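# Structural features, examined
Here's the letter readout for the chains.
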Amino acid sequence: MSAPTDVRRPRTTSAPPTEADDRPATDVPADGQSRRQTGRRSSAGSGPAAVATRSPERADSPAVPVVQAAERPVHGGEPTAATRTRADTRAHSPVMVLIVLLATLGVVTYAVFLLNPANRGDFLPYGLVIVAESVLVGQSLLSMWTILSGGSDPRDFAFHNTQDSLFDVDQIDRQRLSERSHLWPMRVRGTRVTVDVFITVYGEELTKIAATVAAAVAMRGEHRTWVLDDGRSDDVRALADRLGARYVRRLSSNGAKAGNINHALTLAKGDYFAVFDADFVPAKDFLFETVPFFADESIAFVQTPQTYGNLHNLVSRGAGYMQTVFYRFIQPGRNRFNAAFCVGTNVIFRRAAIDDVGGIHTDSKSEDVWTSLHLHERGWKSVFIPMTLAVGDAPETIEAFSKQQLRWATGGFEILLTHFPFNPKRKLTMDQRLQYFVTASFYLTGIVPGLLLLVPPLEIFFDLRPMNMSIGVGEWVLFYLGFYLMQVVLAFYALGSFRYETLLLAAVSFPIYARALWNVLCGKEQAWHVTGAGRGRAPSPFNFIVPQVLVFVFLSLTSVVAIWRDVSNGQLTLATAWNITNSVIFGAFIVTAFREQAGNRRAARQERDADTAPVFVLATAGLEPAPALRTQVVRPDSLQNARDVITASAASGTPTAVEVAS
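In this report, the structure presented in the accompanying data block is examined. (Residues numbered from 1 in each chain as written. Predicted model: local features only at pLDDT ≥ 70, side-chain atom pairs only at ≥ 80, totals over all residues. Heavy atoms only, no water.)

### Side note on a nonpolar patch on the surface
The line we're drawing: To count toward a patch, a residue needs a relative accessible area above 30% and no salt bridge. Like charges then connect within 9 Å, nonpolar side chains (Val, Leu, Ile, Met, Phe, Trp, Tyr) within 5 Å. With residues, only the protein chains shown are counted as cover, and all accessible areas are computed by Shrake-Rupley using a 1.4 Å probe. When a carboxyl oxygen of Asp or Glu is within 4 Å of a side-chain nitrogen of Lys or Arg, the pair counts as a salt bridge. Secondary structure elements are defined from DSSP: runs of H or I of at least 4 residues count as helices, runs of E of at least 2 residues count as strands, and each element is numbered from the N terminus.
Taken together, the side chains of Phe-461, Phe-462, Phe-554 and Val-561 define a hydrophobic patch exposed on the protein surface, amounting to about 380 Å² of accessible area. Secondary-structure elements contributing two or more residues to the nonpolar patch are helix 16 (455-462) and helix 20 (546-569). Assignment of secondary structure puts Phe-461 in helix 16.

Below is the structure:
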């Protein structure tokens, strides 16, 4: 983009997910605040009720939302009593338990059917099915066990007692801080504590960073907000200063995100520190809902879910819904085994615990799960609460999704192959060993679809069948559905509806996980990538799905051969139906890639058109328009509005400063 021309559409803070059923087990109101209030009830009236608001953009500030604390004065000098958030009634309900038990029965029955020697077919396809289904059956059984282990609330008496007295109401009254909740002193076990809030930045959009920083600064409870900028941007520095946050820039990027946090820990000296990715906007009550857990001196960190507010296309919905069962049921179940692990954002740590393990783990791009593993090996405890306390962005593009999954899978395989949890040297309980083994081996399930899609072509081209010829299609389908259909029912109940996007992405992503496994086996270093960053480049999504395109071509040709064969024989076979289904799934993914590519081209065209304008100043980017310039306000929903103004300006010869409305 040329110097005098800058066309950007401002983004607001991420909204909560569009469907209520997509939220984790415990919800907060849509404005990001808990319904819970703080402290002890005052006999004189209600206490502070902080409200997050957005101020309109001004010509002298960037086009970013600003969160202001609009709070009512405290009557009597005391904050009010707390109200518990509403729990998700489906989590660990009798119906949920019944579905899990039926799904477990379906898994066991299907396993017995496959392993019955009388049902064995030809060696090669049968071997592929046994290997693939063994991974799925093992993961399913362990997941069911973990889900059934959940249901207990980690909030004990110590938590509630600490939360009720968390804010130092006497000092709030004495220092007249009732209307500035971000300065309220906090006490844990009678001792005043300090909290540092780290926002890790690496080239994300300025509006995203601003939304997160503003919300972090406004959180209730005394804390210091730090912007850790590995992108080394002067605009980010100015933004942090304007929003009241401290700015940190390293000389190098060694250790990526983990190194960034470790560097900040040499400057920040708080008792606890929270970490947020640049696109996760925290709720005002994040500290109020997490800090009281540290009344237990053995707690190392408190993790909250990743909840997404940008579920507007197939990729973002599939990526977001893919994690819902994990955050609603798996992570809460791991509380029972002290095996809930950190996911890198929306988390708060005890500083002493991180110091005990030598800092955040830097030898892997999956620093979160590795750090959790080291903490558990040292005897520290973790807590996961299924409460939405920050809302962020899921990957929106095929590139972002592919690189995110590659990074996560690589971290899991690193643990599996280099730090095997069942190694006697690992100082873990048996429950923790099992849970970390499940975590490390989970992405093997992502490779399974690649094995299974080879089975139909083996029958179509070579007449090799996975099961005995005497087994009818009806019997095969009965046992098959007993396993897979119940898995779908479980996901349906957890999500509130059927999510085909998740199944589609899971089916076509096996090249990503196979590459991750290969990278770990070969010791290949995986380049760092920030989820969602780099949208301005708009590369073709087909650069990242070459294997999927080749598989689609192969499956399509195989389907043609299969249909011709079945027509000649006068009978439709299961292999043909199976292969056609796989072809349709991959075809739908290819169509998604074409749509994304078309959108990228439209965006690039709009940007080029804006670059050709004679004079165009975006007032909301912090640039003061010259006094002689005429200012015209446009809507923020489309760059087309700005283009129209630019075209008119060029035709009339009148320079115009275009301001994007709030």
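On we go from here.
### Let's talk about the pairing of strand 5 (residues 195-201)
To be explicit about the condition: Exposure categories follow from relative accessible area, calculated using a 1.4 Å probe and restricted to protein chains: below 20% of the type maximum is buried, above 50% is exposed, and the middle band is partly exposed. The pairing criterion is simple: DSSP has to find at least two bridges between the two strands.
Of all 7 residues that make up strand 5, 7 are buried, and the element is covered over most of its length. What you see with strand 5 is no split at all: Val-195, Val-197, Ile-199 and Val-201 on one side and Asp-196, Phe-198 and Thr-200 on the other are buried throughout. Where strand 5 lies against strand 8 (residues 272-277), 6 bridges are found, and the strand directions are parallel. In the strand pairing of strand 8, Val-197 is matched with Ala-274. The pairing of strand 5 with strand 6 (residues 224-229) spans 6 bridges and is classified as parallel. Bridge pairing in strand 6 links Val-201 to Asp-229.

### Digging into the packing of aromatic side chains
Test applied: Centres within 6.5 Å make a pair out of two Phe, Tyr or Trp rings, where for Trp the six-membered ring is used; the pair is then stacked when the planes are under 30 degrees apart, edge-to-face when over 60, and tilted otherwise. Charge-over-ring contacts are defined here by two conditions on Lys NZ or Arg CZ: a distance within 6 Å of the ring centre and an angle within 35 degrees of the ring normal.
For the coordinates displayed, the defined rule picks out 26 aromatic pairs. In textbook terms, an aromatic cluster arises when at least three aromatic residues are bridged by ring pairs, as seen for Phe-198, Phe-273, Phe-301 and Phe-349. Above the face of the Phe-288 ring, Arg-220 is positioned so that its terminal group lies 5.3 Å from the ring centre.

### Description of the pairing of strand 8
Of all 6 residues in strand 8, 5 are buried; the element is thus mostly enclosed. As paired strands, strand 8 and strand 12 (residues 347-350) are joined by 4 bridges and run antiparallel to one another. Across the sheet, the residue bridging to Val-275 is Val-347, located in strand 12.

### Side note on the sheet that holds strand 14 (residues 390-392)
Spatial strand order, 9-14-11: 3 strands in an open sheet with mixed pairing. Looking along the sheet, the strands with just one partner apiece sit at the ends: strand 9 (281-282) and strand 11 (307-308). Direction of pairing for strand 9 relative to strand 14: antiparallel, over a ladder of 2 bridges. Looking at strand 14, one finds that Val-281 is bridged to Val-391.

### Some points on the sheet that holds strand 7 (residues 246-248)
Threshold: The axes used here are C-alpha line fits, helices contributing only the stretch in contact, and every angle between their N-to-C directions lies in the interval 0 to 180 degrees. Any two residues whose heavy atoms approach within 4.5 Å at even a single point are treated as in contact.
The mixed open sheet is built from 7 strands, whose spatial order is 7-6-5-8-12-10-13. On the outer flanks of this sheet lie strand 7 and strand 13 (381-384), each paired with one strand and no other. Along the sheet, successive strands turn relative to each other by an average axial angle of 20 degrees, direction set aside. Here helix 7 (residues 256-265) sits on the sheet and contacts strand 5, strand 6, strand 7 and strand 8; the angle it forms with strand 5, its principal contact strand, is near 145 degrees.

Any functional reading would require information beyond the geometric quantities listed.
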